[in-house]
Amino acid sequence: GCEKEENPYKQRLLVVANRLPVSAVRMGDDNWKLNISAGGLVSSLLGLKGFEVKWIGWAGVSVTDEVGQKSLTKSLAKERCIPVFLDEETIDQYYNGYCNKILWPMLHYLGLPQEDRLSTTQSTQSQFDMYKKANRMFADVVNKHYQQGDIVWCHDYHLMFLPQVLKEFNTQMTVGWFLHTPFPSSEIHRTLPTRSELLRSVLAADIVGFHTYDYARHFVSACTKILGLEGTPEGVEDQGKLTRVATFPIGIDASRFIRALDLPEVQEYITDFRERFAGRKLILGVDRLDMIKGIPQKLLAFEKFLEENPDWCSKVVLLQIAVPTRTDVPEYQKLKSKVHEIVGRVNGRFGTLTSVPIHHLDRSLDFHALCGLYALTDVALVTSLRDGMNLVSYEFVACQALKKGVLILSEFAGAAQSLGAGAILVNPWNIPEVASAISYALNMPSEEREKRHQLNFMHVTTHTAQEWAKMFVSELDETVVEAQLRATQ
Ligand code: ADQ
């Protein structure tokens, strides 16, 4: 709706991310339907007092005509969103190409077809050029809307070039960059032909943030080993100029989940699911269908568990909700077939006329259904091979106040650093280990479950998304003030 004039004394925060928190669908020449996503970043910034937030990013559609661009810009303005227009070719080369085929696997220690990474390959070279070009398009939009005193917060691996381009435009601009994925060992980053350019650009930011101390440490080593710069406890120093490097573990809007449990819609789902899974323990997996989530490994571990514990076959169900993503990338299509193959095999082996042990859905669930499932689950199974943080584990914990179910969590998820005391940590590559963890979790006495849940619940409800955003922005502010003081001394 129409917003009142903002308080002019509020500081503006320009949040720049590849995707806006809104997806646009064209209904007519100048008619747009906006689907607003309530998750993650959006709720983290809701509690940010004293700031006026504006979003800059891609709205998920290619719009090449002027009428369309103008009308979409106008519609988005009501949601405080400013669009960056990327055409199909840019999306293909920058997003599907360089971001998802090169950077994403590298950041998660995943192997990739060797020719895809060779700098001499025509396609990789042009993908990288397009990556830089796309980053400049984001920068142009930021520059156009930037007012003195604004804070610019850049997000994720899609925008590693942005800090540098922004600072070239205006050295006084306050710029932060946060990485949502892991930052791998410098030995992995080192193999990228574009390793130095990417590091130098990120270092142009005033502050660079990561989920965990390990990621921050890997980044600093990459800068010292590859660029020959000096790492200090504060960050990275280049000829007297300090780029602050720090950790800001993200969280969730826990109260949104806790409140949702009392809603009649969610209660209805709970009643419904309770009937559907009556007499069986429920193990839950919720993931984007992505290589990093270790879904095949999870299914194999469950198969092993059934093999070793035939008595459980009719008393347990694994519900795996895997929402497809990046369906244009061939590796993701292959992953989907692989997952379907294992599900088919396990159900063929261990199913009966009336029941199957794995329910697998290729889809996303709406928020209410998801909360209902989290609340009813006995064991949540997170087997990421690598994961920046993993918020599914946080969401599960937030919804378990009554049930006090068990979280089995991969030690390779950032969340293992924060929920490690309450969860059962596993190496997802060790299938027998995960199988025993399932058995241990299903048989865990209630006192132990309660104790473990309490530890996790305490963490999830205090280290929230709102706290995360507040910490990042205030630390960024402080860093800049300190730098100004140093400069005037
Ligand atoms: P993701 O890889 O997307 O995020 P995650 O942190 O688990 O991983 O967040 C996924 C979100 O999508 C959750 O809010 C979850 O509820 C939702 N979701 C996933 N599958 C769903 C399904 N089938 N149906 C409905 N909802 C579903 C990236 C990094 C993470 C990091 C976050 C935040 O890869 O490591 O934790 O960013 O920084």
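Going by the structure above, here's the rest.
Keep in mind the model is a prediction, meaning the values are calculated, not measured. (Residues numbered from 1 in each chain as written. Predicted model: local features only at pLDDT ≥ 70, side-chain atom pairs only at ≥ 80, totals over all residues. Heavy atoms only, no water.)

Engineer: Sorry, what's going on with the pattern of salt bridges here?
Structural biologist: Note on pairing: side chains with opposite charge can pair once their charged atoms come close. A complete count under the given rule lists 22 salt bridges for this structure. Its salt-bridge partner being R12, residue D150 comes within 2.8 Å of it at the nearest N-O pair. One end of the pair, D150, is in the loop between α5 (122–145) and β6 (151–155); the other, R12, is in strand β1 (residues 11–19), and 138 residues separate them in sequence. You'll find D150 and R12 in the same group, each marked buried. Between E66 and K70 there is a salt bridge, with its nearest N and O atoms 3.5 Å apart. Highlighted residues: E66 and K70, both in helix α2 (residues 66–77), separated by four residues, approximately one helical turn. (Salt bridge = Lys/Arg side-chain N within 4 Å of Asp/Glu carboxyl O. Helix = DSSP H or I, 4+ residues; strand = E, 2+ residues; numbered from the N terminus. Buried < 20%, exposed > 50% of the residue type's maximum accessible area, 1.4 Å probe, protein only.)

Engineer: Explain the site of the ligand here, please?
Structural biologist: Residues in close proximity to the ligand total 22 residues, the closest being H180, D387, M389, L391 and E395. R288 is positioned such that a nitrogen or oxygen atom in its side chain is 2.9 Å from an oxygen atom of the ligand. One of the backbone N or O atoms of L391 is found 2.8 Å from an oxygen atom in the ligand. Contact with the protein chains hides 81% of the accessible area of the ligand, taken as 710 Å² for the molecule alone. Tallied by class, the residues present in the shell around the ligand amount to 11 nonpolar, five polar and six charged. (Near = heavy atom within 4 Å. Polar contact = N/O pair within 3.5 Å; in protein donor to acceptor, adjacent residues only side chain to side chain. Areas by Shrake-Rupley, 256 points an atom, 1.4 Å probe, with all protein chains shown as cover. Nonpolar A, V, L, I, M, F, W, Y, C, P; charged D, E, K, R; others polar.)

Engineer: Please explain unusual backbone geometry as it appears in this structure.
Structural biologist: It is generally the case that most residues other than glycine have a negative phi and that most peptide bonds are trans. Despite not being glycine, R80 has its phi angle at roughly 60°, a positive value. Inspection of the secondary structure assignment puts R80 in the loop between α2 and β5 (81–83). Under the relative-accessibility criterion, R80 is labelled partly exposed at 25%. Unlike most non-glycine residues, Q239 shows phi in positive territory, near 45°. For Q239, the position within the fold is in the loop between β10 (235–238) and β11 (241–247). Taking relative accessible area as the criterion, Q239 reaches 81% and is therefore assigned exposed.

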